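Examination of the molecular architecture
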Amino acid sequence: MPATPAWPPKSLPRLFVRAQLRDGVRVDLDADQANYLGNVMRLGEGAELLVFDGTSGEWLARISEAGKKRMALTVEQRTREPEAIPDVWLAFAPVKRTQTDWLVEKATELGIAKLIPVITQRTIAERVKLERLRSIATEAAEQCGRTRLPTIDEPISLAQLLKQADRAIYFADEGGGEPAASAFKPGPAVILTGPEGGFTDDERAVIRAAPNAIPVSLGPRILRAETAALAALAVYMAVAGDWC
Ligand code: SAM
């Protein structure tokens with residue numbers, strides 16, 4: 001007999017909702033979500049789905065009203081408690097739009113707690129569109145099973161970051177540093193990566209002078225900015241985060 005295919009998994013749709021979830025509560029969906037469930041997923045009254053609000057874990061809900069443009073759910077029971085997210089932030093110099101979108105999506109999947117766009121001397125990105133990035137992170141969280149969304153901060157300068165970051169700053173320095181896998185230690189941390197053109201020598205000196213900065217190397221090749229950010233985060237999760 002052929003084996004039951006493991007893919008695609010028989011999973012319920014998952015949605016982030018802006019409501020405080022608890023047993024029996026009714027949730028009115030916004031037009032986009034109603035359209036997604038009704039017209040894209042072809043779900044109607046009585047269908048089950050999973051919902052999360054970013055704080056209370058994950059809940060099983062059922063469509064209790066399905067109109068052409070409106071839909072309401074009734075929450076039935078909690079399926080998961082909120083998970084613990086490692087206290088690691090990613091401070092990254094924004095790059096071009098497509099690559100920044102990709103970075104935000106993948107960092108959310110990898111388990112980042114907070115993303116901080118950092119404007120450096122060589123940052124050439126267009127304006128950072130926070131609402132767009134937050135909606136990309138929300139979709140990634142829906143897809144990967146997170147019950148908490150990452151925070152995405154307003155852009156700040158490198159000087160502000162160094163002042164505010166009261167935690168280990170793992171500075172991805174293409175000029176060299178301790179190998180990332182041995183440098184990363186559990187505990188509050190921020191990974192700092194530069195723009196396409198790299199940090200200037202002045203910036204590198206200022207970062208290295210910070211008492212909580214630990215320069216790290218991501219190997220002998222020069223990685224693209226978004227690759228460096230995600231590679232560093234993956235290594236962090238493997239040796240000091242929640243993959244171990
Ligand atoms: N300065 C470089 C140049 O133009 O030749 C390139 C900078 S690199 C594209 C962008 C950022 O990724 C760097 O500022 C650094 O934070 C990080 N990065 C890339 N490769 C790295 C490596 N091998 N080790 C540590 N960090 C790296």
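So, how was this worked out
Residues numbered from 1 in each chain as written. Predicted model: local features only at pLDDT ≥ 70, side-chain atom pairs only at ≥ 80, totals over all residues. Heavy atoms only, no water. Near = heavy atom within 4 Å. Polar contact = N/O pair within 3.5 Å; in protein donor to acceptor, adjacent residues only side chain to side chain. Areas by Shrake-Rupley, 256 points an atom, 1.4 Å probe, with all protein chains shown as cover. 1 Å grid on protein atoms, 1.4 Å probe; cavity = no way out; pocket = protein on both sides within 12 Å on 5 of 7 lines; lining within 4 Å. Sits in = over half its atoms within 2 Å of the grid points. Helix = DSSP H or I, 4+ residues; strand = E, 2+ residues; numbered from the N terminus. Nonpolar A, V, L, I, M, F, W, Y, C, P; charged D, E, K, R; others polar. Expected span 1.5 Å × (residues − 1). Buried < 20%, exposed > 50% of the residue type's maximum accessible area, 1.4 Å probe, protein only. Contact = heavy atoms within 4.5 Å.

Digging into the site of the ligand
Lining the immediate surroundings of the ligand are 19 residues, of which Ala172, Glu174, Leu218, Arg221 and Leu223 lie closest. In the model, a nitrogen atom of the ligand is placed 2.6 Å from a nitrogen or oxygen of the Glu174 side chain. One of the backbone nitrogen or oxygen atoms of Gly194 is found 3.0 Å away from an oxygen atom of the ligand. In isolation the ligand exposes 580 Å². Once the protein is present, 82% of that is buried. Using a 2 Å cut-off from the grid points, one finds that the ligand occupies the second largest pocket. Counting residues per element, the ones that place at least two in the shell around the ligand are strand 13 (213-217) and helix 7 (225-239). Taken together, the residues that form the shell around the ligand break down as nine nonpolar, six polar and four charged.

Quick look at helix 7
Along an α-helix, a turn takes 3.6 residues, which lines up residues three or four apart on a common side. Between its first and last C-alpha, helix 7 extends 21 Å over 15 residues, near the 21 Å set by a 1.5 Å rise per residue. Of all the positions in helix 7, only Ala225, Glu226, Ala228, Ala229, Leu230, Ala232, Leu233, Tyr236 and Met237 are classed as buried. Where helix 7 is buried, its residues contact strand 6 (88-92), helix 2 (97-110), strand 10 (168-172) and strand 12 (189-193).

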